[in-house]
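Examination of the molecular architecture
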Amino acid sequence: MGQLGALMSRSFDYCVNRVLHPDVEGGEVNDPRDPGGHTNLGVTQGTLDTARRLLPDLPLSVAKLTAVDARRIYEALYWRPIRGDELPLGLALIVFDAAVNQGVEDARRFLQVAIGVKLDGQIGPKTIQAANTIPLRKAIVEVAAWRMFDYMQLDRLQGRFGLGWSRRLMRMVADALSAPLEA
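Remember, it's a predicted structure, so these values are computed and weren't measured experimentally. (Residues numbered from 1 in each chain as written. Predicted model: local features only at pLDDT ≥ 70, side-chain atom pairs only at ≥ 80, totals over all residues. Heavy atoms only, no water.)

With respect to unusual backbone geometry
Phi is positive for L41, which is not a glycine, with a value near 55°. With respect to the helices and strands, L41 occurs in the loop between β2 (39–40) and β3 (43–44). What makes L41 buried here is its relative accessible area of 14%. A positive phi angle is found at R83, which is not glycine, with a value near 55°. Judged by relative accessible area, R83 falls into the partly exposed class, the value being 23%. (Helix = DSSP H or I, 4+ residues; strand = E, 2+ residues; numbered from the N terminus. Buried < 20%, exposed > 50% of the residue type's maximum accessible area, 1.4 Å probe, protein only.)

If you want it as structure tokens, here you go:
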């Protein structure tokens with residue numbers, strides 16, 4: 001693996017270890033009130049079914065999912081689409097967590113709005129350049145604000161899940177703001 005691959009791997013490892021923390025996406029849950037349904041390590045059955053198209057050796061059921069499987073899914077479905085390896089580490093963490101928790105499309109939108117680039121839903125060269133030049137703290141806080149605003153729109157779920165999502169977001173903000181400049 002070349003130097004760039006090693007850097008990408010360390011950045012991904014740093015971020016995925018925080019997202020897979022037991023207080024964030026740990027364990028198996030099958031809450032009938034959760035629209036995601038049966039979930040293990042933050043992976044719903046629907047997400048697993050999608051991931052199996054790219055990674056056919058994954059288990060058929062989320063009940064059989066391992067942490068290694070979850071990491072592979074997170075890298076393929078969330079990390080690569082947000083181009084996490086090209087973002088400053090703290091910003092990569094808050095955007096990556098948004099992709100996992102709120103969807104890749106929303107994560108891309110949060111990033112673009114937060115850093116003031118044209119909203120096109122794609123993380124291309126202009127978005128990457130802006131993300132690497134805007135003051136990092138400002139970008140992290142602004143992404144977090146858009147994430148919280150998005151949570152507020154989910155009135156039907158706030159009573160059951162809203163406080164947990166708020167805690168998750170605050171944990172990610174703290175981790176993002178205290179992240180080293182490089183993993």
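Some remarks on the pattern of salt bridges
Under the defined criterion, the tally for this structure stands at eight salt bridges. Here R80 makes a salt bridge to E75, at a shortest N to O gap of 4.0 Å. For E75, a relative accessible area of 29% puts it in the partly exposed group. Across the salt bridge formed by R147 and D97, the nearest N and O atoms sit 2.8 Å from each other. Of this pair, R147 sits in helix α8 (residues 136–152) while D97 sits in helix α5 (residues 89–102); the two residues are 50 residues apart in sequence, bridging distant segments of the chain. Of the two residues, R147 and D97, both sit in the buried class. (Salt bridge = Lys/Arg side-chain N within 4 Å of Asp/Glu carboxyl O.)

Here we look at the packing of aromatic side chains
Aromatic ring pairs are described here by two measures, namely the spacing of the ring centres and the angle between the planes. Throughout the structure, instances matching the rule amount to six aromatic pairs. Ring centres of F12 and W79 lie 5.5 Å apart, and the angle between their planes is 65°; on these two criteria the pair is classed as edge-to-face. Taken together, the residues span a long stretch of sequence, with F12 in helix α1 (residues 3–19) and W79 in helix α4 (residues 67–79) at a distance of 67 residues. The same class applies to F12 and to W79, which are both buried. Relative to F96, the ring of Y74 lies with its centre 6.1 Å away and its plane at 70°, an arrangement referred to as edge-to-face. Pair noted here: Y74 is in helix α4 and F96 is in helix α5, with a separation of 22 residues, a long-range link. The pair Y74 / F96 is uniform in exposure class, with both members buried. Among the aromatic side chains, those forming a connected cluster through ring pairs are F12, Y74, Y78, W79 and F96. Taking the ring centre of Y14 as reference, the NZ or CZ of R18 above it sits at 3.5 Å. (Phe/Tyr/Trp six-rings, centres within 6.5 Å; stacked < 30°, edge-to-face > 60°. Lys NZ or Arg CZ within 6 Å of the ring centre and 35° of its normal.)

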